[in-house]
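Fold and contact review
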Amino acid sequence: MSIDIKRRSLKKRNSGGAKSYEGDSFVQNFEKRGAREIIIIDAAGKPVRSTVSQRRTYMYAAQLQPLAKMSRNVVRDLDPANDVTFLRIRSDSHEVHMSLNPEFIVVVIQKLKIRKH
Amino acid sequence: MQGYEVQPKRTQSYVDEAFRLLLEKPGVEEVLIMNHSGVPVKTSMSRQDALQHACLYDNLREKTQAFLQKLEPQQNLAMLRVRTRLHEVLITPDGKITMLVVQNAKDKYLKSLD
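Described below are features of the structure shown in this document.

Definitions and limits used
Residues numbered from 1 in each chain as written. Chains lettered and ligands numbered in written order. Predicted model: local features only at pLDDT ≥ 70, side-chain atom pairs only at ≥ 80, totals over all residues. Heavy atoms only, no water. Helix = DSSP H or I, 4+ residues; strand = E, 2+ residues; numbered from the N terminus. Buried < 20%, exposed > 50% of the residue type's maximum accessible area, 1.4 Å probe, protein only. Contact = heavy atoms within 4.5 Å. Areas by Shrake-Rupley, 256 points an atom, 1.4 Å probe, with all protein chains shown as cover. Pairing = 2+ DSSP bridges. Core = buried A, V, L, I, M, F, W, Y, C linked by side-chain atoms within 4.5 Å.

Scanning chain A for helices and strands turns up three helices and five strands. Here chain A holds 117 residues, and 43% of them are scored as buried. Of the contacts formed within chain A by residues at least 6 apart in sequence, a portion of 40% connects residues at least 24 apart. Roughly 7,000 Å² of accessible area belongs to chain A as shown, and the carbon and sulfur atoms make up 49% of that amount.

All right, on to the side chain of Gln65(A) then. Residues and elements named next belong to chain A. Checked against the element boundaries, Gln65 lands in helix α3 (residues 54–78). Relative accessible area serves as the criterion here: at 12%, Gln65 is assigned to the buried category. The contact partners of Gln65, leaving out residues within four places of it in the chain, are Ile41, Ala43, Ala44, Gly45 and Ile105.

Our next topic: the pairing of strand β2 (residues 40–43) of chain B. When strand β1 (residues 28–34) of chain B meets β2(B), the two strands line up antiparallel, connected through three bridges. Looking across to β2(B), one finds that Met34(B) is bridged to Pro40(B).

For the rest of this paragraph, the subject is the nonpolar core. Inside soluble globular proteins, nonpolar side chains tend to come together where they are buried. Met98(A), Val107(A) and Tyr57(B) are the most contacted members of the largest nonpolar core, which totals 37 residues. When neighbours within four sequence positions are excluded, Met98(A) is seen to be in contact with Leu64(A), Ala68(A), Thr85(A), Phe86(A), Leu87(A), Ile105(A), Val106(A) and Val107(A). Grouped together as the second largest cluster of nonpolar side chains are 11 residues, Leu22(B), Val28(B), Ile33(B) and Ile97(B) included.

Quick look at the structure:
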């Protein structure tokens, strides 16, 4: 459901690269909740939509798509009936959420606030 | 089977305590603790399963760490969570050991919407 709505409400900034989100309320909803960047990657590994610059998007997609494939292989090796749905990578200052579907990979990158205890 | 236990004096009390505490948490199915080279030190599953899990997930963890090093700024992995249809696997590097927990993650959010 959400992927179709995203496509329909997309406003293209320039006709050449159809890659940026402009005024998309769905994406801005994410940004309010602390998400920094959203990248959508199709099944082949090409970035389809993104809120970051093109260079960084390609960098992320090139790294994350093999990682998603590898984790799927790992899970399938252990249990052939199982399949990955979600990958959460957490570091000191950032968190990367990847939601894996058969057609798309949705990547959300969050910047974490430093909490002082 | 109690797991692949080395001589007691080499197993720290920290590892034992962590293992015990992890097993007590609700929803946890299996716990595996590896040393810095990826060898299972303490586990609750059978030896063969433990080796397989450790090998595969340690590999994944290394690749994830490589991905994080390539980002700017360079960061260290704090936790890796792989959620599958049947369960969820958490991999936590902690100094010289790595803890791997297989838990049964029930989807409570969607159920509460029904």
